[in-house]
Amino acid sequence: MIEILNPAELLRAKETGSLVANILQTLKSRSAVGTNLLDINRWTKAMILDAGAQSCYVDYEPSFGRGPFGHYICTGVNDAVLHGKPHDYTLADGDLLTLDLAVTKAGVAADAAISFIVGESRPAESVALISATERALSAGIAAAGPGARIGDISHAIGSVLSEAGYPINTQFGGHGIGSTMHQDPHVPNIGQPGRGYKLRPGLLLALEPWVMEDTAQLVTDPDGWTLRSATGCRTAHTEHTIAITPDGAEILTLP
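Residues numbered from 1 in each chain as written. Predicted model: local features only at pLDDT ≥ 70, side-chain atom pairs only at ≥ 80, totals over all residues. Heavy atoms only, no water.

### Details of the overall build of the protein chain
Stage number 1. Across its full length, the protein chain holds four helices and 14 strands.
Stage number 2. Relative to its length of 255 residues, the protein chain is compact, with a C-alpha radius of gyration of 17 Å against a globular reference of 18 Å.
Stage number 3. Projected onto the principal axes, the alpha-carbon positions of the protein chain cover approximately 45 × 40 × 35 Å.
Stage number 4. Looking at the 255 residues of the protein chain, the share that counts as buried comes to 55%.
Stage number 5. Taking the intrachain contacts of the protein chain between residues at least 6 apart in sequence as the baseline, contacts between residues at least 24 apart amount to 70%.
Stage number 6. For the protein chain, the exposed area adds up to about 10,200 Å²; of that, 51% sits on carbon and sulfur atoms.
Stage number 7. For the protein chain, the centre of its 17 positive side-chain charges and the centre of its 27 negative side-chain charges are spaced 4 Å apart. (Helix = DSSP H or I, 4+ residues; strand = E, 2+ residues; numbered from the N terminus. Rg over C-alpha atoms; globule rule 2.2 N^0.38 Å. Buried < 20%, exposed > 50% of the residue type's maximum accessible area, 1.4 Å probe, protein only. Contact = heavy atoms within 4.5 Å. Areas by Shrake-Rupley, 256 points an atom, 1.4 Å probe, with all protein chains shown as cover. Lys, Arg positive; Asp, Glu negative; His and termini not counted. Charge placed at Lys NZ, Arg CZ, Asp CG, Glu CD.)

Next up, the structure:
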């Protein structure tokens, strides 16, 4: 299903996007050496409920997961890149933490992710990983606009990641979003320009470049959800929800 939102729905999407962005920034400011991932989940739940919003994750039960996710945010540490299930882990100095959050408010969803380093250490490889995903996301957003195609976005993202030297996995990527979190069209993180669905004003897309240092292969944790790099290398993931407008792309998940 591909949804095209009307002006009233787009206004609600902006409200939801702002909520997601502000929750993520609050969590980033609270995430320090000694913070437990279960505390991050607890804080997220409280902020979602206080805002009168609903979690897109807690009851989510897709084919690629095992049972309902059961938590309010995805938390990935170091080699965990996607769908990280919060568990009893205490953050250490230099950990690379990814927070991925999707909520629905007033019938419209928004989805975003940030990656950052905890504590005072700044491992150069981790800084480079995060930077590559952020630059790729910016390139993908710049390629989006009415009349462009999904392949234009995918090509822009993939070009940045490839030039940075990272393998690209095509199992998971960006997606359409609207009244539900995951919709068509699929937005791979690599592709051919000029191909795929033609973008129209009112379309919402969640663009999410993610990389692993030295592999494109994922392995699944025993929890049935958390996806890790097959080699144990570090990973990073950055995501924004954007709206296609007559003038280009508007980022909805800026704080």
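Structure's up, so let's keep going.
### Examining the pattern of salt bridges
Stage number 1. All told, the structure shown has five salt bridges when counted by the stated rule.
Stage number 2. The shortest N-O distance in the salt bridge between Lys14 and Glu250 comes to 3.5 Å. Of this pair, Lys14 sits in helix 1 (residues 7-30) while Glu250 is found in strand 14 (residues 248-251), placing the two residues 236 residues apart along the sequence.
Stage number 3. The shortest N-O distance in the salt bridge between Arg42 and Asp39 comes to 3.1 Å. With Arg42 and Asp39 both in helix 2 (residues 37-50), this residue pair falls three residues apart, about one helical turn.
Stage number 4. What you see here is one network of salt bridges that share partners, running through Asp79, Asp221 and Arg228. (Salt bridge = Lys/Arg side-chain N within 4 Å of Asp/Glu carboxyl O.)

### Some remarks on the sheet that holds strand 14
Picture the strands of a sheet paired through backbone hydrogen bonds; they go either parallel or antiparallel.
Stage number 1. Pairing in this open sheet of five strands is antiparallel, and the strands run 7-6-8-13-14 from one edge to the other. The strands lining the two open edges of the sheet, one partner per strand, are strand 7 (183-187) and strand 14. This sheet shows a mean twist of 30° between the axes of neighbouring strands, independent of strand direction.
Stage number 2. Note: strand 8 (residues 204-207) against strand 13 (residues 240-245), four bridges, orientation antiparallel. Following the sheet pairing, Ala206 is matched in strand 13 by Thr241. (Pairing = 2+ DSSP bridges. Axes fitted to C-alpha atoms, helices over the stretch in contact; angles between N-to-C directions.)

### Examining unusual backbone geometry
Stage number 1. Here the bond from Asp184 into Pro185 is cis, since omega is 5°, no more than 30 degrees from zero.
Stage number 2. Structurally, Pro185 is set in strand 7.
Stage number 3. For His83, which is not glycine, the phi dihedral falls at a positive 55°.
Stage number 4. Here His83 lies in the loop between strand 3 (80-82) and strand 4 (96-105).
Stage number 5. On the basis of relative accessible area, His83 is assigned to the buried category, the value being 14%.
Stage number 6. Residue Ala106 is not a glycine yet carries a positive backbone phi of 55°.
Stage number 7. Its place among the elements puts Ala106 in the loop between strand 4 and strand 5 (108-117).
Stage number 8. Accessibility expressed as a relative area gives 43% for Ala106, which makes it partly exposed.

### With respect to the layout of surface pockets
Stage number 1. The computed volume of the largest pocket comes to approximately 330 Å³.
Stage number 2. Every residue lining the largest pocket is counted, 23 residues in all, and those nearest its centre are Phe64, His83, Phe172, His182 and Glu208.
Stage number 3. Elements supplying a minimum of two residues to the lining of the largest pocket: strand 6 (174-176) and strand 7.
Stage number 4. In terms of residue count, strand 7 provides more of the lining of the largest pocket than any other element does, three residues in total.
Stage number 5. Along the lines of polarity and charge, the residues of the lining of the largest pocket split into ten nonpolar, eight polar and five charged. (1 Å grid on protein atoms, 1.4 Å probe; cavity = no way out; pocket = protein on both sides within 12 Å on 5 of 7 lines; lining within 4 Å. Points joined across faces, edges and corners; volume = space filled by probe spheres on them. Nonpolar A, V, L, I, M, F, W, Y, C, P; charged D, E, K, R; others polar.)

### Some thoughts on the pairing of strand 2 (residues 74-77)
Side chains on a regular strand alternate between the two faces of the sheet.
Stage number 1. The side-chain alternation of strand 2 yields two buried faces, one formed by Cys74 and Gly76 and the other by Thr75 and Val77.
Stage number 2. Across four bridges, strand 2 lies against strand 4 in antiparallel orientation. Residue pairing for strand 4: Val77 is matched across the bridge by Leu97.

### So, the sheet that holds strand 3
Stage number 1. Read across the sheet, three strands follow the order 3-11-10 without closing on themselves; strand pairing throughout is antiparallel. What marks the edges here is a single partner per strand, and that holds for strand 3 and strand 10 (218-220). Neighbour to neighbour, the strand axes of the sheet diverge by 45° on average, direction disregarded.
Stage number 2. Relative to strand 11 (residues 227-229), strand 3 runs antiparallel, the two sharing two bridges. When the sheet's bridge partners are listed, Ala80 is paired in strand 11 with Arg228.

Take it as geometry only, folks, not as evidence of what the structure does.
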